[in-house]
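# Descriptive analysis of the structure
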Amino acid sequence: MPRVKLQRFQDNASRPDIIEPGKPEYEQLGGRWRTDFFREPHPLTLEVGCGKGEYTVGLAQRHPQRNFLGLDIKGERIWRGSTRAEEMGLTNVGFVRMRAEALAAQFGPGELSEIWITFPDPRPRDRDIKRRLTSPRFLALYEQLLTPGGLLHLKTDNEGLFEYTLETLAAQPGARIERLTRDLYAETDPAFTETQAIQTNFEGKYRAIGVPIKYVQFRLT
Ligand SMILES: C[S@@+](CC[C@H](N)C(=O)[O-])C[C@H]1O[C@@H](n2cnc3c(N)ncnc32)[C@H](O)[C@@H]1O
């Protein structure tokens, strides 16, 4: 393994803001994240597939009265988010290295106030539908972990995944779409201002080449 990567993994192992396999808190904080992990027991927002954590850190900076967790399977990406949060002196942000499939082992029922799904891998092949982060299997998981009426947000460049998600929501009893746009940055409605304010790494790349960003905000209950 390259030396820099190894060093980052070692950093992750000693950072209290990162929960990952091998640490005593891993899969032990369910129902207690707000009180036992964060400094203040504020409402908790989770970003699934946070990559380098720009969005989680950006949200945490804008909302000091809330707590934010970025989740990703890649330790090196999480290291970047954690490093940025540390440089900014943020105390309302953390990261967890795990697969989203195992969410129910990490969080208690109703523990999350909001979930962001930002530029998930589109998984276009039929045999990978189950792995899409907005497939019925994942929506059922999110519903279990969200407070009743909790908000979900999807941002994506990918038309196929976006339309798939809308079809899935239409077939989901109780699901309600609150806001929807197929071109977020063309919107002048102030309802979208907050969502335009922070960009993920992938979002910046797609915007730079003129790909419209799709966004939907919804509730499952
Ligand atoms: C296309 S990148 C987007 C990263 C970031 N959200 C952004 O917009 O810049 C997708 C991210 O999701 C993570 N990921 C994909 N499948 C995952 C899974 N099942 N559980 C956790 N993370 C996953 C990948 O490691 C990657 O960092």
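Everything numeric here is computed off the predicted structure, so don't read it as measured data. (Residues numbered from 1 in each chain as written. Predicted model: local features only at pLDDT ≥ 70, side-chain atom pairs only at ≥ 80, totals over all residues. Heavy atoms only, no water.)

### Quick notes on the nonpolar core
Membership of the largest hydrophobic core comes to 34 residues, with the highest contact counts inside it found for Trp-33, Leu-103, Phe-107 and Tyr-142. Breaking this core down by element, the ones donating at least two residues are helix 2 (33-37), strand 2 (44-48), strand 3 (67-72), strand 5 (112-118), helix 6 (136-145), strand 6 (146-156), helix 7 (159-170) and strand 8 (214-219). For this core, the element with the highest residue contribution is helix 6, accounting for five residues. The contact partners of Leu-103, leaving out residues within four places of it in the chain, are Leu-46, Leu-71, Met-98, Leu-141, Tyr-142 and Leu-145. One finds Cys-50, Phe-68, Ala-85 and Val-93 within the second-largest nonpolar core, a separate group that totals 18 residues. (Core = buried A, V, L, I, M, F, W, Y, C linked by side-chain atoms within 4.5 Å. Buried < 20%, exposed > 50% of the residue type's maximum accessible area, 1.4 Å probe, protein only. Helix = DSSP H or I, 4+ residues; strand = E, 2+ residues; numbered from the N terminus. Contact = heavy atoms within 4.5 Å.)

### Side note on the UniProt feature "binding site: substrate" (unreviewed entry) in the chain
Within this numbering scheme, the UniProt entry marks Asp-157, Thr-200, Asn-201, Phe-202 and Glu-203 as carrying the feature "binding site: substrate" (unreviewed entry). These annotated residues cover 47 residues of sequence, but their C-alpha atoms sit close together, with the largest distance between any two at 12.1 Å. As for the annotated residues, the ones lining the largest pocket are Asp-157, Thr-200, Asn-201 and Phe-202. Locating Asn-201 in the fold gives a position in helix 9 (residues 201-208). Contact partners of Asn-201, with chain neighbours within four places excluded, come to Lys-52 and Glu-54. The topology assignment puts Phe-202 in helix 9. (UniProt positions renumbered as here; feature names shortened; annotations may be inferred. 1 Å grid on protein atoms, 1.4 Å probe; cavity = no way out; pocket = protein on both sides within 12 Å on 5 of 7 lines; lining within 4 Å.)

### Comments concerning the pairing of strand 2
Most of strand 2 is tucked away, with five of its five residues classed as buried. Burial along strand 2 is two-sided: Leu-44, Leu-46 and Val-48 and Thr-45 and Glu-47, pointing in opposite directions, are all buried. As paired elements, strand 2 and strand 3 share five bridges and run parallel to each other. Note on strand 3: the bridge partner recorded for Val-48 is Leu-71. A crossover links strand 2 with its parallel partner strand 3, the connecting element being helix 3 (residues 54-62), and its sense is right-handed. In terms of strand pairing, strand 2 meets strand 5 through four bridges, oriented parallel. Along strand 5, the bridge assignment pairs Thr-45 with Glu-114. (Pairing = 2+ DSSP bridges. Right-handed = clockwise from strand over helix to strand, strands pointing away.)

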